[in-house]
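Coordinates in review
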Amino acid sequence: MRFNFDAKSVAIALAVAVLLVFGIFPIALLVIDAFIVDGHFSLDNFREVYVNKSNLMAVWNTVKASGLTMLFSTAISFPLAWLVGRTDLPFKNVFRTLIITPYMIPPFIGAFAWGYLANPRIGYLNQWIRAVFPFFEQGPINIYSMNGMVWVLVLFYFPFSFLSISRALEKMDPSLEEAARISGAGPLRVLRNITIPLTAPAIAAGALLVFVAVASAFGIPSIIGGQARIQVVTTRIISYVYVGTTEAMHEATALAVVLLMLSIAVLWFSNWYLAKREYFTLAGKSTRPTLVELGPWKWPLVAVFAIVCFVFAILPIMALVMTSLVKTMGRGFAFDNLTLDVWRSVLADDATWRTLRTSLYSSVLAATGGTLVGLLIAYLKVKTRMRFRTIPDFLATFTNATPGIVLALGLILAFSGKFGLNLYGTFWILVVAYFVRHLSYAVRQAAAALEQVHPSLEEAALSSGASWLRLFKDVTIPLVGPSVVGGWFLVFMPSFYELTMSVLLYSSKATPAGYHLYHLSSYASPQSAAVLSVLILILVLIGNLLMRWASRGRVSL
């Protein structure tokens, strides 16, 4: 039998093979490991895990925190998105930028900030309240509780819901709303009978996205919930892995499989629900909506919006900066308590620069590999007619939807030397983890750009005698360049400050900045953690500006 290998097929096959080996194999191995005991199929791992009341409570806490965060996030997002997108609210562009600022802040850094603000003993908010109302001996705000954990989760995950709803409102055909107004319906009736039903799929998609993201979160539950002894599934998995025995690893995989099944079930329900709701929000005409006039409510709503933006976006950053400048947290932010010694100490510490270099190098390699593999997977999906061409794209999405803690556990099982490749404890397992976890961002950006490239351009190059490699290098990549660069940054940025997988995969030789920051805050110096948090926020802001510039404004966090 004779096989005809051309450059295009080989390149695409290599990209798909990399995805299968480093993304799908570890997840499949984790699921198999959970059901195999002493070489035989068994449910004993699950029985041992779920007779333990602490594990059942962790599952309940996960569902409770995720459900409450989903409900509150949706309740907050819709009115804010409607005010920004459908009314004549002044300064709406400024408010929109501020309201999605928490989306750019790593959630675990937000947890540190709210710990500094609302620690019941030395939190700034509590100190200010006690200064005004001295009859409070402690508190009155306690961030280290289930309510406090949900509050912080809402602040840093509601932008998922806000962005989903606001994009739907921007694209919605306004003619139905205008017809209702012409027929005499008031603004509230139009909102209730037209706007909300038309945006229901986006509301549902945003809500379920929040649920899955919160269920997979580790940073906020560990930093806020850990102080209140509230365990969730991700923190229990970490506890089992740190025990280090074979039995503990089996129990960790059993918990991880349940988390994976929960994510898959929610995503399946989301797709099933959205497939049934066939709403057409684009009509091919001008979609510039008629804005609802707020009348006398305009300036009171501006005040409310300003307070919301201050609490959501500005107050946490202020807390980090203030903490980085104080000598002793218990004395508050007073002039005689300010110092730059902590900044000098952190900037002079070799560990700071060593961990930042580890994060930088691993993120650059993950982003570069992800961009190359993502571009080939997107090319396979968009520009070929091969059978099963959409499957690699689906698999990349699946690895992105898989909770980070589950993926990290799978990588430990797959690449600890048992199957010929030992990456565990090395720098390279961080690169693989970040690459697999964020690959779908590069695929989506490249696919969206490739769909806009007309086939006649490639056909002209091929008919002129160009090889596929030359066509790909000289025609395709230059045309999709800005979006591909945007995809590179979308992989790089979350990899740079990643925490959840790093907690399991770090080693003494390769400690990323995210884990170093977590260690400083939990076991060493909160002030040093605040300095490193501010440094990371500055780097994230610079990265976001670079991403907007390189992608010509098409991509931003």
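Residues numbered from 1 in each chain as written. Predicted model: local features only at pLDDT ≥ 70, side-chain atom pairs only at ≥ 80, totals over all residues. Heavy atoms only, no water.

Check the secondary structure of the chain and you find 25 helices and two strands. Relative to the 2.2 N^0.38 estimate, which gives 24 Å for 557 residues, the radius of gyration of the chain is 25 Å and therefore close to what a compact globule would have. With the principal axes as the frame, the chain shows a C-alpha extent of 90 × 70 × 50 Å. Relative to its full complement of 557 residues, the chain shows a buried share of 53%. Sequence-distant contacts, at least 24 apart, represent 78% of the contacts inside the chain between residues at least 6 apart. Accessible surface, the chain as shown: approximately 26,200 Å² in total, 65% of it carbon and sulfur. (Helix = DSSP H or I, 4+ residues; strand = E, 2+ residues; numbered from the N terminus. Rg over C-alpha atoms; globule rule 2.2 N^0.38 Å. Buried < 20%, exposed > 50% of the residue type's maximum accessible area, 1.4 Å probe, protein only. Contact = heavy atoms within 4.5 Å. Areas by Shrake-Rupley, 256 points an atom, 1.4 Å probe, with all protein chains shown as cover.)

Quick look at the UniProt feature "domain: ABC transmembrane type-1" (unreviewed entry) in the chain now. Under the local residue numbering, the UniProt record ascribes the feature "domain: ABC transmembrane type-1" (unreviewed entry) to residues 59–270 and 356–547. Between the C-alpha atoms that bound residues 59–270 there is a distance of 21 Å. The span itself is 78% helix and 0% strand. (UniProt positions renumbered as here; feature names shortened; annotations may be inferred.)

On inspection of all chains with the given rule, the structure shows six salt bridges. The residue Arg470 makes a salt bridge to Asp474 at a minimum N-O spacing of 3.2 Å. In this pair, Arg470 and Asp474 both sit in helix H22 (residues 468–496), four residues apart, roughly one turn of the helix. The exposure class assigned to Arg470 is exposed, which follows from its relative accessible area of 53%. Note on Asp474: relative accessible area 39%, which makes it partly exposed. (Salt bridge = Lys/Arg side-chain N within 4 Å of Asp/Glu carboxyl O.)

The next thing to look at is the confidence of the model for the chain. Per-residue pLDDT for the chain has a mean of 85; in total, 94% of the residues score no lower than 70. Here helix H5 (residues 101–104) stands out as the least confident element of the chain, with mean pLDDT 76; helix H17 (residues 350–383) is the most confident, with 92. Counting contacts from residues 280–284, a segment whose pLDDT is below 50, to residues more than four positions away or on other chains yields seven contacts. (pLDDT = per-residue confidence, 0-100.)

Time to look at a nonpolar patch on the surface. A contiguous nonpolar patch, built from Ile538, Leu539, Ile542, Leu546 and Trp549 and spanning about 510 Å² of accessible area, is present on the exposed surface. Counting through the fold element by element, Leu539 comes out in helix H25 (residues 526–550). By relative accessible area, which is 37% here, Leu539 ends up partly exposed. (Patch = residues over 30% accessible without salt bridge, like charges linked within 9 Å, V, L, I, M, F, W, Y side chains within 5 Å.)

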